[in-house]
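These are the residues of each chain, in order.
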Amino acid sequence: MRLVVQNDKNGVRRGRVTVRGGLALLVVTAVLSGCTAPDEDAGAGSAGGQPHQAPPGPRLDDYDVRRATDHATLAAAARRWGLAEVPLVPPRPPAAKPEILAREGFEVDDQEKWNLPPVFTTIPTKQKVVFLTIDDGAEKDPAFLRMMSDLKIPYTAFLSDYVAKDDYGYFKKMQSQGITLNNHTLHHPYLPALSLEEQQEEICGMQDIMERQFGKRPAVFRPPYGNYNRDTLLAAKSCGIKYAPIWDEEVFVDHWEYREWDRGLHPGDIVLTHFRGRSDWDGSMTDMVRRFLDKVTREGYAVARLEDYL
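Since the model is a prediction, treat every value here as computed from it, not as a measurement.

## Section: the overall build of the protein chain
- When its secondary structure is counted, the protein chain shows 9 helices and 9 strands.
- Relative to its 310 residues, the protein chain shows a buried fraction of 54%.
- Carbon and sulfur atoms make up 50% of the accessible area of the protein chain, which totals about 13800 Å².

## Some points on the environment of Leu83
- Mapped onto the elements of the fold, Leu83 is located in the loop between helix 3 (71–80) and strand 1 (119–120).
- Taking the C-alpha atoms as reference points, Leu83 and Asp294, 211 residues apart in sequence, are found 6.4 Å from one another.

## Focus on the environment of Leu233
- On the secondary structure map, Leu233 appears in helix 8 (residues 230–238).
- Excluding its chain neighbours within four sequence positions, the residues that come into contact with Leu233 are Val108, Gln111, Leu116, Pro117, Val119, Tyr228 and Ala244.

## A look at the pairing of strand 3 (residues 156–159)
- Residues Thr156 and Phe158 line one face of strand 3 and the alternating positions Ala157 and Leu159 line the opposite face, and both faces are buried.
- For strand 2 (residues 129–136) and strand 3, the ladder comprises 4 bridges, and the chain directions are parallel. Note that in strand 3 the partner of Ile134 across the bridge is Ala157.
- Crossover handedness for the path strand 2 to helix 4 (residues 142–151) to strand 3: right-handed.
- Here strand 3 pairs with strand 4 (residues 180–183) via 4 bridges, running parallel. Opposite Phe158, over in strand 4, you have Asn182 as the bridge partner.

## A short note on the side chain of Asp136
- Turning to its location among the elements, Asp136 is positioned in strand 2.
- Among the polar contacts listed, one links the side chain of Asp136 to the backbone nitrogen of Ala138, at a separation of 2.9 Å.
- Apart from residues lying up to four places away in sequence, Asp136 is in contact with Phe158, Leu159, Ser160, Val163, Ala164, His184, His274, Phe275 and Arg276.

## With respect to the environment of Ala75
- Inspection of the secondary structure assignment puts Ala75 in helix 3.
- Sequence separation of Ala75 and Pro87 is 12 residues, and the distance between their C-alpha atoms is 8.5 Å.

## Side note on helix 3
- Residues of helix 3 that are buried: Leu74, Ala75, Ala77 and Ala78. Burial along helix 3 is one-sided: seen end-on, the buried residues are contained in an arc of 160°.
- Close packing links the buried residues of helix 3 with helix 4.
- The opening residue of helix 3 is Asp70, an N-cap whose side-chain oxygen sits 2.9 Å from the backbone nitrogen of Ala72.
- Gly82 occupies a position one or two residues after helix 3 and carries a positive phi of about 75°.

## Observations concerning the layout of surface pockets
- A volume near 320 Å³ is recorded for the largest pocket.
- In this structure, the largest pocket is lined by 18 residues; those nearest its centre are Thr180, Leu181, Asn182, Lys216 and Glu307.
- The set of elements that each furnish at least two residues to the lining of the largest pocket consists of strand 4 and helix 7 (196–214).
- Element by element, the count of residues in the lining of the largest pocket is highest for strand 4, at 3 residues.
- Of the residues belonging to the lining of the largest pocket, the class tally is 9 nonpolar, 4 polar and 5 charged.
- Empty space within the second largest pocket amounts to approximately 230 Å³.
- What lines the second largest pocket is Ile100, Leu101, Ala102, Glu107, Gln111, Glu112, Asn115, Leu116 and Pro118.
- Residue composition of the lining of the second largest pocket, by class: 5 nonpolar, 2 polar and 2 charged.

## Overview of the state of the cysteines
- Counting across every chain of the model gives 1 disulfide.
- Put simply, Cys204 and Cys239 are joined by a disulfide, and their sulfur atoms are 1.8 Å apart. Between Cys204 and Cys239 the disulfide shows an S-S torsion of about -90°. By sign, it is left-handed. Of this pair, Cys204 sits in helix 7 while Cys239 sits in the loop between helix 8 and strand 5 (244–245), and the two are 35 residues apart along the sequence.
- Residue Cys239 is classed as buried on the basis of its relative accessible area, which comes to 5%.

Criteria and cut-off values
- Residues numbered from 1 in each chain as written.
- Predicted model: local features only at pLDDT ≥ 70, side-chain atom pairs only at ≥ 80, totals over all residues.
- Heavy atoms only, no water.
- Helix = DSSP H or I, 4+ residues; strand = E, 2+ residues; numbered from the N terminus.
- Buried < 20%, exposed > 50% of the residue type's maximum accessible area, 1.4 Å probe, protein only.
- Areas by Shrake-Rupley, 256 points an atom, 1.4 Å probe, with all protein chains shown as cover.
- Contact = heavy atoms within 4.5 Å.
- Pairing = 2+ DSSP bridges.
- Right-handed = clockwise from strand over helix to strand, strands pointing away.
- Polar contact = N/O pair within 3.5 Å; in protein donor to acceptor, adjacent residues only side chain to side chain.
- Arc of directions from axis to C-beta.
- 1 Å grid on protein atoms, 1.4 Å probe; cavity = no way out; pocket = protein on both sides within 12 Å on 5 of 7 lines; lining within 4 Å.
- Points joined across faces, edges and corners; volume = space filled by probe spheres on them.
- Nonpolar A, V, L, I, M, F, W, Y, C, P; charged D, E, K, R; others polar.
- Disulfide = S-S within 2.5 Å.

Here it is, written out as structure tokens:
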């Protein structure tokens, strides 16, 4: 189903993006990125001016229930949040998990000998899915939680304590919606500059925080800036980490960045973004999600849950 939307009386821009030219096909212009859905900042959207509250819905880690969500419900949510199209529902995750290996060229010395956590940018799958991952925890936008719940879009969070600690409750609410919270170190340092012991303090220390605040020590860790060395993976393994995904694309509120030469999406790609708002971006978290979903949907991709493939 394709939604036909126009500027409303408040000037909200909801038209489809038409892109021309080689590079423009890949880096979508910011026609939609600067817009604001009717209820995302002020919280308005329901009768009487009451803040919009997403109706109780399936947890985003409950695949069967999420997939059964009525299409009309998703279409209404897509209109409410100003999307060009209804996001695609991902296929059922594979019954047998794919083998996750370190990406070629991303291995470290003794990678296999010590069975170190693999660093990878893409999940090996032929399914036309991508995975949204969000780093650090600086911005804590309640409209973002409503939007993702309304649209039933799964994602994975990687938290750094120095920015997440001022509101653990925000991430507990996220966790209650079925979102997996993972490790992104205590202070977000450049890890290769630290000793093995210092890296263990950053990674294991965050494991302690995650267990104390959220009840679980994650098995997934992302090194800050995507930078790591052998000691990073040794430290991560000693802290109980099994996987160290980084990313293949990064989405901002006004553009995309790509790791690969073809500057395009591929089945199984991991997409990075950050918890950021108007103080850092020319837009909000919901503007970023709108840009992300409009592109992946237009190109025939669904957003799947990373943990279903690990």
